[in-house]
Amino acid sequence: MKLINHCLPLISILILNSCNIKKTEVSASLKNSYKDDFYMGTALSADQIEEKNAKEDSLICREFNAITAENIMKSMFVHPQKDKYDFTLSDKFVAFGEKNKMFIHGHTLIWHSQLAPWMEKIKDSTEMKAFMKDHITTIVSQYKGRINSWDVVNEALNEDGTLRKSVFLNTLGEDYLVDAFKLAAAADPKVDLYYNDYNLEDPAKREGVIRLVKKIKAAGGKIDGVGSQGHWQLDSPSLEEIEKSILAYSALGVKVAFTELDITVLPNPWDLKGADVNQNFEGNAKMNPYPEILPDSVQTKLAQRYADIFKLFLKHKDKISRVTFWGVHDGQSWLNDWPIKGRTNYPLLFDKELQPKKAYNSVMQLKEAKK
Ligand code: 9MR
């Protein structure tokens, strides 16, 4: 098996330190190795969208061919007031993707979290219907023909598969889901429309997604895919449950995307007997076991877990449209601050110095081995 070392790329290229420079030869990278399988994406922070760090910029362009905005397209940022939209950063995000010929994913139109405060105050169905029409139509139209897919609704389900209480459910009842998909399709009939959520490998939640997709289709809505976020652990969910979900969603006639992939290596406060997550675990050394460096044994476990997962993804590549990591490198991951603030986590393929980890090599080796 070919060893991929830190001196990427293997096949020489004109070294690119900016996305703008044209490359002359093909480099070994996630996006090139998996180009016949599915898009390999990453989530971008505001600074990355603004290309503030040339090294990060270069890594993003070298490795990934799909992008999602980690935060800046959420309701509170693009629609801060009832009669005011702010597309400054999202315009830059889309321009970045276009300039670099990337698949551009919009995240997210309807989500109970990161709403602008004025949205939380919407009380009745008339006002909410007007909000949804204006919000979805304006944002989707802004990027019609330029954004390739949207998370139309994010995280609408509880863990038992029932519908989550939210300002949308409270004012409109469950029809808000169908309405959202219809409004998005009307604004851009060609864009792919996704339902996106986490823990979609849990049987009860999986059943909830199946009901939801069927309901949207039965009501004449267009839904093209299910996005499984993939915020996973070293030992869970099992490969069997991941596979069952891929098969179940694709049996509904929709694409499957893994939209926010990362794997935590840190202890979970919920696993501690009697742990109260609201309890203050900050500064607790047991909960932050690797503040300086990830021990080799755990690097290896992480690499094996990623290899197992990508092996399964490759087995079902005909059903999978895109795999997107939730961040470019460990240093920017939201998992450094959740569910406990101020820890050092190592959930991605690149470390905080932007170096590929063992996990990167294991994902690449799956393809190298086949050559
Ligand atoms: O990574 C995002 C983090 O920077 C934000 O503080 C957080 C706010 O809720 O959202 C994070 O991204 C979430 C994504 O938008 C939806 N799925 C769960 C992600 C991790 O919380």
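Residues numbered from 1 in each chain as written. Predicted model: local features only at pLDDT ≥ 70, side-chain atom pairs only at ≥ 80, totals over all residues. Heavy atoms only, no water.

**Q** Just give me the short version of the overall build of the protein, but keep the residues and values in it.
**A** Per the secondary structure count, the protein includes 13 helices and 10 strands. Taken over the C-alpha trace, the protein has a radius of gyration of 20 Å; the compact-globule value for 371 residues is 21 Å, and the two agree within 12%. Across its three principal axes, the protein shows a C-alpha extent of roughly 60 × 55 × 40 Å. Within the span of the protein, comprising 371 residues, buried residues form 56% of the whole. Counted over contacts in the protein with a minimum sequence separation of 6, partners at least 24 positions apart contribute 78%. Accessible surface, the protein: about 16500 Å² in total, of which carbon and sulfur atoms supply 52%. The positive charge centre, built from 50 side chains, and the negative charge centre, built from 50, are 4 Å apart in the protein. (Helix = DSSP H or I, 4+ residues; strand = E, 2+ residues; numbered from the N terminus. Rg over C-alpha atoms; globule rule 2.2 N^0.38 Å. Buried < 20%, exposed > 50% of the residue type's maximum accessible area, 1.4 Å probe, protein only. Contact = heavy atoms within 4.5 Å. Areas by Shrake-Rupley, 256 points an atom, 1.4 Å probe, with all protein chains shown as cover. Lys, Arg positive; Asp, Glu negative; His and termini not counted. Charge placed at Lys NZ, Arg CZ, Asp CG, Glu CD.)

**Q** Explain the packing of helix H11 (residues 239-251) against helix H12 (residues 296-315) to me, and be specific about the residues and the numbers.
**A** In the contact formed by H11 and H12, the axes pass within 11 Å of each other and the chain directions differ by 25°. When the interaxial angle is binned, H11 and H12 end up roughly parallel. Our pair here, H11 against H12, has a crossing hand that is right-handed. Each of Leu239, Ile242, Glu243 and Ile246 in H11 lies in contact with H12, whose residues at this interface are Arg305, Asp308, Ile309, Leu312, Phe313 and Lys315. Among the residues making up the contact of H11 with H12, the classes are represented as 6 nonpolar, no polar and 4 charged. (Axes fitted to C-alpha atoms, helices over the stretch in contact; angles between N-to-C directions. Parallel < 35°, antiparallel > 145°, perpendicular 65-115°, else oblique. Left-handed = near helix turned anticlockwise from the far one by under 90°. Nonpolar A, V, L, I, M, F, W, Y, C, P; charged D, E, K, R; others polar.)

**Q** Could you give an account of the site of the ligand, naming the residues involved and the relevant values?
**A** In the neighbourhood of the ligand, 13 residues make up the surrounding shell, with Glu70, Lys74, His107, Glu155 and Glu260 lying closest. Take histidine 107: an N or O atom from its side chain is 2.7 Å from an oxygen atom of the ligand. Glutamate 260 has a polar side-chain atom sitting 2.7 Å from a nitrogen atom of the ligand. Comparing atom positions with the cavity grids shows the ligand to sit within the largest pocket. (Near = heavy atom within 4 Å. Polar contact = N/O pair within 3.5 Å; in protein donor to acceptor, adjacent residues only side chain to side chain. 1 Å grid on protein atoms, 1.4 Å probe; cavity = no way out; pocket = protein on both sides within 12 Å on 5 of 7 lines; lining within 4 Å. Sits in = over half its atoms within 2 Å of the grid points.)

**Q** Please provide a residue-by-residue account of empty space enclosed by the protein, values included.
**A** Taken as a whole, this structure holds 1 cavity of 30 Å³ or more when the rule is applied. Looking at the largest cavity, its volume works out to about 40 Å³. Within the residue set of the lining of the largest cavity, elements represented by two or more residues are strand E4 (110-111) and strand E5 (149-154). Along the lines of polarity and charge, the residues of the lining of the largest cavity split into 6 nonpolar, 3 polar and 2 charged. (Points joined across faces, edges and corners; volume = space filled by probe spheres on them.)

**Q** An account of the pairing of strand E3 (residues 103-106) is requested, with residue identities and associated values reported.
**A** The alternating pattern of E3 places Phe103 and His105 and Ile104 and Gly106 on opposite faces, both of which are buried. Pairing geometry for strand E2 (residues 66-69) and E3, over 3 bridges, is parallel. Bridged to isoleucine 67 within E3 is isoleucine 104. Pairing between E3 and E5: 2 bridges, direction parallel. In the strand pairing of E5, glycine 106 is matched with tryptophan 150. (Pairing = 2+ DSSP bridges.)

**Q** Mind laying out the pattern of salt bridges, listing which residues take part and the relevant values?
**A** Scanning the entire structure with this criterion turns up 20 salt bridges. A salt bridge links glutamate 51 to lysine 99, with the shortest nitrogen-to-oxygen separation between them at 2.9 Å. Here lysine 99 lies in helix H5 (residues 88-99) and glutamate 51 lies in the loop between helix H2 (46-49) and helix H3 (54-63), a separation of 48 residues in the sequence. By relative accessible area, which is 29% here, glutamate 51 ends up partly exposed. Connected through shared salt-bridge partners, Asp37, Lys317 and Lys367 make up one network. (Salt bridge = Lys/Arg side-chain N within 4 Å of Asp/Glu carboxyl O.)

**Q** Go over unusual backbone geometry, please, and point to the residues and values.
**A** In this structure, the amide linkage connecting serine 236 to the following residue, proline 237, adopts the cis form with an omega of 0°. Summarising the element assignment, proline 237 is placed in the loop between strand E8 (231-233) and H11. At lysine 101, a position not held by glycine, the phi torsion is positive, near 55°. Among the secondary structure elements, lysine 101 is positioned in the loop between H5 and E3. With a relative accessible area of 74%, lysine 101 lands in the exposed category.

By themselves, these figures tell us nothing about what the structure is for.
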